[in-house]
Amino acid sequence: MGPDIDVLVIGGGIVGLATAREILAGRPSTHLLVLEKEAGLARHQSGRNSGVIHSGVYYRPGSLKARLCVRGREQLLRYLGDRGIPHSLPGKVIVATRSSQIEQLEELLRRARLNGVPGLEWLDARGIRAIEPEVRGLHGIHVPGTGVVDYAAVCRAYAADIELAGGTVRTAAPVMAVRATGGSIEVRLGSGESILARYLVNCAGLYADLIARAAGASVEEQIVPFRGEYYLLKRERRGLVRGLVYPVPDPRLPFADVHFTPTVNGEVLVGPNAVLAFAREGYRWGAIRPGEFAPTLVSRGFLRLTRQLWPVGVREAYRSLDGNAFLRDLQRMLPALKRDDLLRGGAGVRAQAVGVDGRLCEDFVVARSHRALHVVSAPSPAATSSLAIAEEVVSRMPATF
Ligand SMILES: Cc1cc2nc3c(=O)[nH]c(=O)nc-3n(C[C@H](O)[C@H](O)[C@H](O)COP(=O)(O)OP(=O)(O)OC[C@H]3O[C@@H](n4cnc5c(N)ncnc54)[C@H](O)[C@@H]3O)c2cc1C
């Protein structure tokens, strides 16, 4: 008996759904199934993020991130317009509050220009105040094309496209085991059901490295979960910012740049920080899964990462536990901010791939194994870039399965 289906996609997050959609767009007769372990879509990174439509400022020119973010943003904006999904482009200001950050801010401007980010403007202190009257800084960059959207809504639209094109999205379907056999890939679900597929695409986010290795891929990267905790500006103080306001990122932990984001539903998110989580889906300090965390703790990559980054790790833990420390960092950019302007918000966990050398994996990574592709690293801006990542993944699939 042959395989039950042609392509099986693991993961009902934005990358898995965009990829499934793209496969069906190019090969409409494909018998395709998406498996998602949760009862609904976008329950992890894709539904627990800042909702920013990034422009492509930060990424190394020539990297996949730089290319796919700029292309993906354009594709996403067109898609949102076509589907009538609410979004806006309030623009962003990146602010240097210390003279030691100005060189890095200049480097960001250089990168952004090389990446083709449109409409950039270098600002002095007065220029910053003209755009964001409450924000103080020595210099800044205005990025007018930065936007916001609800990525869970985007996921629902992608899923509808998949169903319309004849694919199936199954929720509450956790993949427990993956085995590559000669002519197919066998996947066993939590229910005990077994499915045979001609080809597998692994977009399992926080679990992508484990699934990749189970399928026989020689993947050195390990996912280390970093929780990002948010505050919200209380309703009466939402007018403190007009658009997105970001600090110059700390190059040691670039994603810990706590910022202000006015969302599409009118709230203002403050955060996220970056705290080491003790479970891959550890949304609270108390969420500890020794079975998941212990292998990370003793891995070579993690030990090397800790040796390099422990001071930043301690700072982030302190900032998480002490709201005043969090506040002081923000007040450098926004002196009018007060402690009681901030309300505790939700959290997301980033799937940060770390190499055996302990280095944070900056770029998107797609690995190959027998009859399978694995999206091993899809950190921010993967939500912005989802349609372009999908094209990239599909371009790496064989012509026939
Ligand atoms: C705090 C935070 C803020 C962010 N802000 C932004 C932003 O503003 N802009 C931006 O562009 N990006 C942002 N990102 C990044 C972006 O959210 C992610 O890059 C993107 O959502 C990754 O999508 P994904 O589909 O790879 O992963 P996920 O959304 O995590 O999806 C993976 C899915 O796989 C499922 N799964 C896992 N294992 C199994 C299994 N065994 N069987 C079946 N299903 C399984 C999971 O349940 C999950 O639904 C942010 C991320 C975080 C955490």
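Nothing here was measured: the structure is a model prediction, and the numbers come from that model. (Residues numbered from 1 in each chain as written. Predicted model: local features only at pLDDT ≥ 70, side-chain atom pairs only at ≥ 80, totals over all residues.)

## Focus on the overall build of the protein
Phase 1: Broken down by element type, the protein carries 10 helices and 20 strands.
Phase 2: In terms of overall size, the protein behaves like a compact globule, its C-alpha atoms giving a radius of gyration of 21 Å where 401 residues would be expected to give roughly 21 Å.
Phase 3: Burial analysis of the protein (401 residues in total) assigns 49% to the buried set.
Phase 4: Considering only contacts within the protein whose residues lie at least 6 apart along the sequence, 75% involve residues at least 24 apart. (Helix = DSSP H or I, 4+ residues; strand = E, 2+ residues; numbered from the N terminus. Rg over C-alpha atoms; globule rule 2.2 N^0.38 Å. Buried ≥ 20, exposed ≤ 12 C-beta atoms within 10 Å, placed from the backbone. Contact = placed C-beta atoms within 7 Å.)

## What about helix H5 (residues 151–164)?
At 3.6 residues per turn, the α-helix brings residues three or four places apart onto the same side.
Phase 1: With 14 residues, H5 ought to run about 20 Å at 1.5 Å a step, and its terminal C-alpha atoms sit 20 Å apart, in line with that.
Phase 2: Among all positions in H5, only Tyr151, Val154, Cys155, Tyr158, Ala159 and Ile162 are buried. Buried residues of H5 fall within an arc of 140° about the axis and therefore sit on the same side. In this structure, H5 carries Glu163 and Leu164 as exposed residues pointing more than 90 degrees from its buried face.
Phase 3: A positive phi of about 100° marks Gly166, the residue just after H5. (Expected span 1.5 Å × (residues − 1). Arc of directions from axis to C-beta.)

## Overview of the sheet that holds strand S8 (residues 147–149)
Phase 1: If you walk across this open sheet you meet the 3 strands as S3-S8-S4, and the pairing is antiparallel. The open sheet has two edge strands, strand S3 (52–53) and strand S4 (87–88), and neither has a second partner.
Phase 2: Of the pairings in the sheet, the one linking S4 to S8 comprises 2 bridges and is antiparallel in character. Bridging from a neighbouring strand, His87 pairs with Val149 of S8. (Pairing = 2+ DSSP bridges.)

## Description of the nonpolar core
Phase 1: In this structure, Leu8, Leu17, Ala208, Val270 and Ile389 are the most contacted members of the largest nonpolar core, which totals 119 residues.
Phase 2: Residue contributions to this core peak at 7 residues, all from helix H1 (residues 14–26).
Phase 3: Excluding residues that lie within four positions of it along the chain, Ala208 makes contacts with Asn202, Cys203, Ile223, Ala351, His374, Val375 and Val376. (Core = buried A, V, L, I, M, F, W, Y, C linked by C-beta atoms within 7 Å.)

## Digging into helix H8 (residues 300–321)
Phase 1: Considering bend angle alone, the principal kink of H8 is centred on Leu309 and spans about 75°; proline Pro311 follows within four residues of it.
Phase 2: Listed as buried for H8 are Gly301, Leu305, Glu316, Arg319 and Ser320. (Bend = angle between axes of the 7 residues up to and from the residue.)

## Quick notes on the site of the ligand
Phase 1: Close to the ligand lie 40 residues; Gly13, Asn49, Gly205, Gly348 and Ala382 are nearest.
Phase 2: Elements that contribute at least two residues to the shell around the ligand include exactly H1 and strand S18 (342–354).
Phase 3: Its residues assigned to classes, the shell around the ligand shows 18 nonpolar, 16 polar and 6 charged.
Phase 4: When residues are assigned to domains, the shell around the ligand turns out to be shared by domain 1 (5–46 + 152–221 + 364–395) and domain 3 (222–360), each giving three or more. (Near = placed C-beta within 6 Å. Nonpolar A, V, L, I, M, F, W, Y, C, P; charged D, E, K, R; others polar. Domains from an automatic or database assignment.)

## Focus on unusual backbone geometry
Phase 1: Residue Pro272 is bonded to the preceding Gly271 through a cis peptide linkage, with omega at 0°.
Phase 2: Along the polypeptide, Pro272 turns up in the loop between strand S16 (268–271) and strand S17 (275–276).
Phase 3: The linkage connecting Ser380 with the following residue, Pro381, adopts the cis geometry, with an omega of 10°.
Phase 4: Within the secondary structure, Pro381 is located in the loop between strand S20 (372–377) and helix H10 (386–395).
Phase 5: Of note, the phi angle at Ala172 is positive, near 50°, even though the residue is not glycine.
Phase 6: Looking at where Ala172 falls in the secondary structure, it is placed in the loop between strand S9 (168–170) and strand S10 (175–180).

## A few points about the domain arrangement of the protein
Phase 1: Each assigned domain of the protein is listed here: domain 1 (5–46 + 152–221 + 364–395), domain 2 (92–144) and domain 3 (222–360).
Phase 2: Using C-alpha coordinates to define each centre, domain 1 is positioned 27 Å away from domain 3.
Phase 3: Domain 1 puts 14 residues into the contact, and the matching count from domain 3 is 15 residues.
Phase 4: Of all the secondary structure elements, the ones that give two or more residues to the side of domain 1 that touches domain 3 are helix H6 (208–214) and S20.
Phase 5: A breakdown of the residues in the side of domain 1 that touches domain 3 according to their chemical character gives 6 nonpolar, 5 polar and 3 charged.

## Re the pairing of strand S2 (residues 32–35)
Phase 1: Taking every second residue as pointing to the same face, both faces of S2 are buried, with Leu32 and Val34 on one and Leu33 and Leu35 on the other.
Phase 2: Note: strand S1 (residues 5–10) against S2, 4 bridges, orientation parallel. Counted as the bridge partner of Leu8 is Leu33 from S2.
Phase 3: Following the backbone out of S1, through H1 and into the adjacent parallel S2, one traces a crossover that is right-handed.
Phase 4: Across 3 bridges, S2 lies against S9 in parallel orientation. Within the sheet, the bridge partner assigned to Leu35 lies in S9 and is Arg170. (Right-handed = clockwise from strand over helix to strand, strands pointing away.)

## Observations regarding the packing of helix H2 (residues 64–83) against H10
Phase 1: Two elements in contact, H2 and H10, have axes whose closest approach is 6 Å; the angle formed by their N-to-C orientations is 115°. Residues Leu68, Arg71, Gly72, Gln75, Leu76 and Tyr79 of H2 touch H10, and the partners they reach there are Ser386, Leu387, Ala388, Ile389 and Glu392.
Phase 2: In terms of residue class, the contact of H2 with H10 is made up of 6 nonpolar, 3 polar and 2 charged. (Axes fitted to C-alpha atoms, helices over the stretch in contact; angles between N-to-C directions.)

## Some remarks on the environment of Ile14
Phase 1: Of note, Ile14 is situated in helix H1.
Phase 2: The class of Ile14 is buried, set by 30 C-beta atoms lying within 10 Å.

## Looking at the environment of Thr261
Phase 1: Here Thr261 lies in strand S15 (residues 259–262).
Phase 2: A count of 24 C-beta atoms within 10 Å places Thr261 in the buried class.
Phase 3: For the pair Thr261 and Leu232, spaced 29 residues apart in sequence, the C-alpha separation works out to 9.4 Å.
Phase 4: Sequence-distant contacts of Thr261, defined by excluding residues within four places in its chain, comprise Ser50, Gly51, Val52, Val148, Leu244, Val268 and Leu269.

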